[in-house]
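Residue-level structural notes
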Amino acid sequence: MLVMNASSAVPLARLSNVASGGAVASSGAADTSSSPSEIALYQQWCEQSKFKLEESFKLNLRKRLIQCCDTVNARVSSCGIDDKFVLTVDDVKRFADGVKYEILSWNGVDMGTCTKEKRTFTEYHKTAQNWFNRNKAKIYGNHVFYPLVFGHILNFCNDTKFPSPLAVDHNRRMHLFVTILISILESKIKFHRTKKQPL
């Protein structure tokens with residue numbers, strides 16, 4: 001873990017963009033006007049931001065998955081079905097690894113698009129958090145909700161044991177899946193200091 005004093009400052013007027021691989025000018029050429037110490041500090045801020053984003057999303061993801069499982073099981077129970085939908089530790093790890101990959105692939109704050117210089121880590125990480133928030137729906141959709149809904153939940157519905165004497169057919173299983181999907185889409189979740197938002 002990299003630890004950087006949030007009050008540390010650096011003159012960044014010359015730095016148009018710093019990625020994890022080094023300083024890059026807006027034209028794509030290396031920014032030789034930036035000192036090695038400036039570049040190294042920005043690289044540390046980038047890595048520290050990735051670490052903080054990774055730690056925070058794990059708690060966020062865990063809460064979403066718990067509520068998702070509760071939503072599925074509430075719908076299943078209302079249909080008189082005794083089966084329970086569960087996710088294994090390995091399932092959750094695969095979801096988290098996908099999100100982690102996107103965070104670690106991020107190149108850092110593009111200073112060429114910033115209206116103000118980032119003089120402290122606090123300012124830098126705020127922009128990093130904004131990047132993740134803007135891209136969270138796509139990242140979670142690709143690595144969490146698509147495999148969760150159209151993999152795990154769909155397979156669960158296909159394997160569900162319906163109570164006798166109800167006939168078991170494809171249409172009944174598909175109806176169960178669609179009602180679960182609607183429940184997930186309508187479900188709301190609340191985090192600290194946020195309003196209720198879609199699951």
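Please refer to the structure placed before this passage.
A brief report on the enclosed structure follows. (Residues numbered from 1 in each chain as written. Predicted model: local features only at pLDDT ≥ 70, side-chain atom pairs only at ≥ 80, totals over all residues. Heavy atoms only, no water.)

1. A look at the pattern of salt bridges
- The tally for this structure, following the rule as stated, stands at six salt bridges.
- Note that K58 is salt-bridged to E54, the shortest N-O span being 3.5 Å. Of this pair, K58 and E54 both sit in helix α1 (residues 36–78), four residues apart, roughly one helical turn.
- Judged by relative accessible area, which is 38%, K58 ranks as partly exposed.
- By relative accessible area, which is 11% here, E54 ends up buried.
- Where K58 meets E55, a salt bridge forms, and the shortest distance between an N and an O atom there is 4.0 Å. Here K58 and its partner E55 are both found in helix α1, three residues apart, which amounts to about one turn of the helix. (Salt bridge = Lys/Arg side-chain N within 4 Å of Asp/Glu carboxyl O. Helix = DSSP H or I, 4+ residues; strand = E, 2+ residues; numbered from the N terminus. Buried < 20%, exposed > 50% of the residue type's maximum accessible area, 1.4 Å probe, protein only.)

2. Topic: a nonpolar patch on the surface
- Together, M174, V178 and I182 give the surface a local cluster of nonpolar side chains, amounting to about 220 Å² of exposed area.
- With respect to the helices and strands, the residue V178 is situated in helix α4 (residues 170–186).
- Assessed through its relative accessible area of 37%, V178 is described here as partly exposed. (Patch = residues over 30% accessible without salt bridge, like charges linked within 9 Å, V, L, I, M, F, W, Y side chains within 5 Å. Areas by Shrake-Rupley, 256 points an atom, 1.4 Å probe, with all protein chains shown as cover.)

3. Here we look at the nonpolar core
- In terms of nonpolar packing, the biggest core is built from 43 residues, with F132, Y140, L148 and I153 touching the most fellow members.
- Mapped onto this core, the elements with two or more residues apiece are α1, α2 (89–105), α3 (121–159) and α4.
- When residues of this core are assigned to their parent elements, the largest contribution, 14 residues, is made by α3.
- With residues up to four places along the chain from it excluded, the contact list for Y140 reads F57, N60, L61, R64, V99, F132 and F145. (Core = buried A, V, L, I, M, F, W, Y, C linked by side-chain atoms within 4.5 Å. Contact = heavy atoms within 4.5 Å.)

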